[in-house]
Structures are given as C-alpha cells and as structure tokens.
Amino acid sequence: MNFLAKLLKRVFNRTTVCVIGIIFQVGYLISLFWTLGTLYTYSYLVFEIIAVIIVLFIVNSDMNPSYKIAWMIPILLFPVFGVMFYVFFGNSHSGDRLRKRMNRFNSEERLLLPQNNELVHDLRDDVKTVEKQARYLYHFGGYPVYTNTSTTYFPSGEAKFETLIKELEKAERFIFLEYFIIQEGKMWNTILEILERKAKQGVDVRVVYDDIGCLLTLPYRYFDQLEKRGIRCKVFNEFKPIWSAKMNNRDHRKILVIDGHTAFNGGINLADEYINAYEKHGHWKDTAVMLKGEAVWSFTMMFLTMWNYLNKSKPASYDYYMPRATDIAPYRSGGYVIPYTDSPLDDEPVGENVYLNIINDAKDYVYITTPYLIIDNEMVTALTLAAKSGVDVRIITPHIADKWFVHAVTRAYYKKLTKLGVKIYEYTPGFIHAKNFVSDDSVAVVGTINLDFRSLYLHFECATWMYKTDCVLDVKADYLKTLEECQEITYEDCLNVNFFVRIGRSLLRLFSPMM
C-alpha cells in the first residue's frame, strides 16, 4: 500500500496536474478550431479580422519596434494560432492589474531612496556620460548612486557559495532571499540548515521564490515546509493549471541581503548545477558580486517592495531594516555603485537602456557575457555601430545549450553581428549563465538581465552597476581568462552553416518573443 501511495504521489504531482490541465485547455481550443472548420471560410475570416485588429493595436502601442515585428509576423502568417499565442503570451490587461497593485507599494519605498546630488555632480566632473547613466537610473529606475561600498566579484558559483555560507553565519538581525530557482540539494540544503538555525535564534528570515522557476525543483506548497521551520516565505505568481497571460511575468531576480550591510547579486540561483555539484550542461560558468556598505540599502528595499506586494501590506516602519552606521562604517572604498531593478510593469526597459548606454559610450572595448542572444534592432545597431567605430566588442555565449531552440535563435544572430565586426565566442566547456558587461576598465554590470526579450521586457530583473569600484578590473580579468576556453565564431563559420539549419533558425526566430 505504501508503494502504491508513493507511486501515485510521484505520478500525480503538481507538475503533472498542471500539465494535464493545460493540455485539456489546449485540446479544448483545438477541438473548437476543428468544429469551426466545418465553417472554415467564415471562421478563418473572423480570425483574420481579429489578427488585423491586434496588429493595428500593436503598431500603435509603445512596444519596442523589434518586439512589435516579432509578434506581427506570426499573427499575420498564422491568424488562428497567432491570435491565440498573442492573447496568452503577448501584452495583456493582466499587466495593468499587476501594475496597479505594485504601484501601491512602490511610492512610499521610493521616498526612502533619495539621490545624493553631490555624488551625481562628482560623476559629472569625472565623466559626463557616467553622470547621465546615474541620472537615468534614478529617474527611470528609481535607485540612487552610492559610494562607501566595497564590491567583491565571484567568477564562479563555487566561489560565491563559499563566501555566502560564511556571511550567513554572521547574520544577527535579518536575512532576505529572493531567487528564481531553488532546488533541494547540496547548495540549498546547506543554506537551509543555516536559515533554520538562524530563525530559531530570532533572526528575521524571509524567502521569496518564483513558482514557475521552481515548478520542477520544489514540491507543491514548499512554502509550508519553510514556514514550519520558522522561515517566512512568499511565492511569486503561483502557477495554476490555467493558461493565463500573467504567467509571462516572472520574478527572475537573485537577491540575498544580510543585516542591511551585505548583499549578493548575479546570475547564480540556489541549485547544484550553479556550483557544479553535478554536471547538467557541461561545466556551468556563472558569476556574482557581493556588496558591503551603503548601496546594500537599495537591495533591501527591492526585496521589501516585492515582499510587501506579495504580502499585501507594509511594515509600520522601515527603521529596523536600515543599515546601521556602525555596520557600514568600515566600508569606505572608492568608486560608485547603483543597484537597480527592472520591472515589466512600468513600460521602461531599464535593463536594456543601461546596456545601450554602456555600448554607446564605450571608447576602447565592451566585453559581454550572456547565455542568450535574442536582441532587438536597437541592440544590434548599437553593437555593430560600436564595432564599426573601432570599439572592441566581444560577446561570449554558451557552446552547450540548456534549451536547443533558444540556442538556435541565439546562433541566428551571429551572421549579421560578425559580418559587421562584433566578435562572437562560445564557451566550449559547457553552459555560461553569467550576465556581465564590462567596458573601458571603468564600468561593469553584474546581474540577472539576459540579452533576450523575456529578460528585457517580461521579467522582474535586477543588477549592480559599478563605476571605478574595486572589482571592475576583476570582471575584465575573468572575461579574458574565460576567452581562453572559448571558440571564436567567425563570419566565414556562419556562411558554412547548413542551408536547412539556417532556415530552421530563421523560422524559430519568428517566435523569439516567447523564448
């Protein structure tokens, strides 16, 4: 009987139930289309009219032009399925509902993040283009510039994990974690043991995880297990077996804050492949940054804003979470730091614009690491114009894919980029998940923002912008070291790709907004 119960539990888990639910819904839609097939001429005409109306709406919307085209082509080519996919995966009114709810929790938090205008003036006296970046991030991202913050760069998940454990052990007041993926295993179980112990000691421990990110990695209602251990937990956008457009907006951020004086950010989730405890797609290369000092306050507020949104309430006061002067006094390092977030609900592609500013302002080089390269015309133009202007533009992508279809679309961009002078490299030992920019030995970004439509337009993301900080040159040094394990993809290589492979990549590119 025990065996049967375990078997039924394994077979009818949350993922299976959700998949079955969606299959039934898709089946219903297909049967509906089949029934309409008896009146094919009229039904197809109706969908063509709907497709034209949707395209007109898209044309007049504020979407990025490349994103518009990426949706318009499949809608017009395949009216029935194009309309259906846009309804469920494109822009929708669910975004408006989410926006109204989120805005209720944003305004008060932003008042606690004032800009230090003296620092902005200092940046202007140094390099005016950097001052412009800081002003943009404050006015459209909502997060100010800081000094008095030390930065430490981690070139691997293993390096971050080792330091993270030591820092967690020092926690005395609170620990905040917000991650896209959490998976039981060596990494998470080690962290969980510390979190549970700290919670018993009276430390305020909170966890936010994305439900789709953890759909295959955590059991159903895992938050109940954490609550029983004394760990407060909220789930972002809980996944249900209903095909809904709101599932498009995911919390892809990776934030860990300790006592308001230490924070971690980067591409590394809390799962064993990120520390190469097991091999998933060859060697997993990822990066992160640790902040200590004043700038951690922005990450604290990012987390609390999301927590308040999910909890549907605000604390009476934020004083307890503010960094204590005695805790941050030792961190008087040079350089400037801006932790920032990007939301799909504000119609402002902050993540992409920060990247574009770095590319457009580069004088000598821009080195980029990204697991996905699915970019719009503005990004292609910026990259190629910089290369044509003599800037050394290099991009590292994975050699071993985690999703073959996404990797196929990534490779579809190689030909144009390499033809116009951008250098492309693939990380041959395996999969590179890092999202880094570094330029001119002075500016770097380490965060969660991929160069793809989902990260740039649909997900909640975050990153750390740094100017002349301790670790900018460490980011560059790691990039150059990583290049030694990469294979360059030349324009000639792109010309030698099989004709049918090129056609396949071009077809997949039609559906790039959904990747």
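Our structure is the block above this text.
For the structure given in this document, a descriptive report is provided here. Here the structure is a predicted model, which means the values were calculated and not measured.

Once that is clear, we can look at the overall build of the chain. Secondary structure assignment for the chain yields 21 helices and 17 strands. Buried residues in the chain amount to 57% of all 515 residues. Approximately 22,500 Å² of the chain is accessible, and the part contributed by carbon and sulfur atoms is 59%.

Bringing the sheet that holds strand β12 (residues 423–427) into the picture now. If you walk across this open sheet you meet the 8 strands as β9-β16-β15-β14-β10-β11-β12-β17, and the pairing is mixed. The open sheet terminates on both sides in strands that have one partner only, identified here as β9 (336–342) and β17 (486–489). Each neighbouring strand pair of the sheet contributes to a mean axis angle of 20 degrees, computed without reference to strand direction. When strand β10 (residues 365–369) meets strand β14 (residues 436–439), the two strands line up antiparallel, connected through 4 bridges. Across the sheet, residue Val-366 finds its bridge partner in β14, namely Ser-439.

With mixed pairing, the 7 strands of this open sheet are ordered in space as β1-β8-β6-β5-β2-β3-β4. The open sheet has two free edges, formed respectively by β1 (149–154) and β4 (232–236), since each of these has just one partner strand. Along the sheet, successive strands turn relative to each other by an average axial angle of 10 degrees, direction set aside. With 6 bridges connecting them, β1 and strand β8 (residues 288–293) associate as antiparallel partners. Across the sheet, Tyr-153 pairs through a bridge with Val-289, a residue of β8. Its contacts with the sheet put helix α9 (residues 157–169) on β1, β2 (174–179), β5 (255–258), β6 (262–266) and β8, and the angle it makes with β6 is roughly 155 degrees.

Each turn of an α-helix holds 3.6 residues, which means side chains three or four residues apart point in the same direction. Its 12 residues give helix α19 (residues 472–483) an end-to-end C-alpha distance of 17 Å, which sits within 8% of 16 Å, the value for a rise of 1.5 Å per residue. All of the buried residues along α19 are Val-472, Val-475, Asp-478, Tyr-479, Thr-482 and Leu-483. All buried residues of α19 lie within an arc of 140 degrees about the axis, which places them on one face of the element.

All right, on to α9 then. Between its terminal C-alpha atoms α9 stretches 18 Å, which fits the 18 Å expected from 13 residues at 1.5 Å a residue. Buried residues of α9: Gly-157, Lys-160, Phe-161, Thr-163, Leu-164, Ile-165, Glu-167 and Leu-168, and no others. For α9, the elements touching its buried residues are β1, β2, α10 (186–200), β5, β6 and β8.

Turning our attention to unusual backbone geometry. Residue Asn-148 is not a glycine yet carries a positive backbone phi of 50 degrees. For Asn-148, the position within the fold is in the loop between α8 (128–141) and β1. Here Asn-148 falls in the buried class, since its relative accessible area comes to 18%. Backbone geometry places Lys-468, a non-glycine residue, at a positive phi of 55 degrees. Along the chain, the position of Lys-468 falls in the loop between β16 (461–467) and α19.

Next up on the list: the environment of Thr-469. For Thr-469, the position within the fold is in the loop between β16 and α19. Residues Thr-469 and Ala-444 lie 25 residues apart in sequence; the distance between their C-alpha atoms is 8.9 Å. If near-sequence neighbours (up to four positions away) are discounted, Thr-469 is found in contact with Thr-151, Gly-334, Gly-335, Tyr-336 and Val-337. Only 3.4 Å separates the side chain of Thr-469 from the side chain of Thr-151, close enough to count as a polar contact.

Moving on, we get to the pattern of salt bridges. In this structure the tally under the stated criterion is 24 salt bridges. Notably, a salt bridge pairs Glu-131 with Lys-128, separated by 3.5 Å at the nearest N-O pair. Taken together, the positions of Glu-131 and Lys-128, both in helix α8 and 3 residues apart, correspond to about one turn of that helix. Glu-167 serves as the salt-bridge partner of Lys-292, at 2.9 Å between the closest nitrogen and oxygen. Placement of Lys-292 in strand β8 and of Glu-167 in helix α9 is noted, with a sequence separation of 125 residues between them. Several salt bridges converge on common partners, so that one network encompasses Lys-128, Glu-131 and Arg-135.

Relative to the helices and strands, Glu-273 is located in the loop between β6 and β7 (283–285). For Glu-273, a relative accessible area of 3% translates into the label buried. Engagement of the side chain of Glu-273 in a polar contact is seen with the side chain of Tyr-278, the distance being 3.4 Å. A polar side-chain atom of Glu-273 sits 3.4 Å from a polar atom in the side chain of Lys-280. Contacts of Glu-273, omitting those with residues within four sequence positions, involve Gln-183, Tyr-278, Lys-280 and Trp-284.

Rules behind the numbers
- Residues numbered from 1 in each chain as written.
- Predicted model: local features only at pLDDT ≥ 70, side-chain atom pairs only at ≥ 80, totals over all residues.
- Heavy atoms only, no water.
- Helix = DSSP H or I, 4+ residues; strand = E, 2+ residues; numbered from the N terminus.
- Buried < 20%, exposed > 50% of the residue type's maximum accessible area, 1.4 Å probe, protein only.
- Areas by Shrake-Rupley, 256 points an atom, 1.4 Å probe, with all protein chains shown as cover.
- Pairing = 2+ DSSP bridges.
- Axes fitted to C-alpha atoms, helices over the stretch in contact; angles between N-to-C directions.
- Contact = heavy atoms within 4.5 Å.
- Expected span 1.5 Å × (residues − 1).
- Arc of directions from axis to C-beta.
- Polar contact = N/O pair within 3.5 Å; in protein donor to acceptor, adjacent residues only side chain to side chain.
- Salt bridge = Lys/Arg side-chain N within 4 Å of Asp/Glu carboxyl O.

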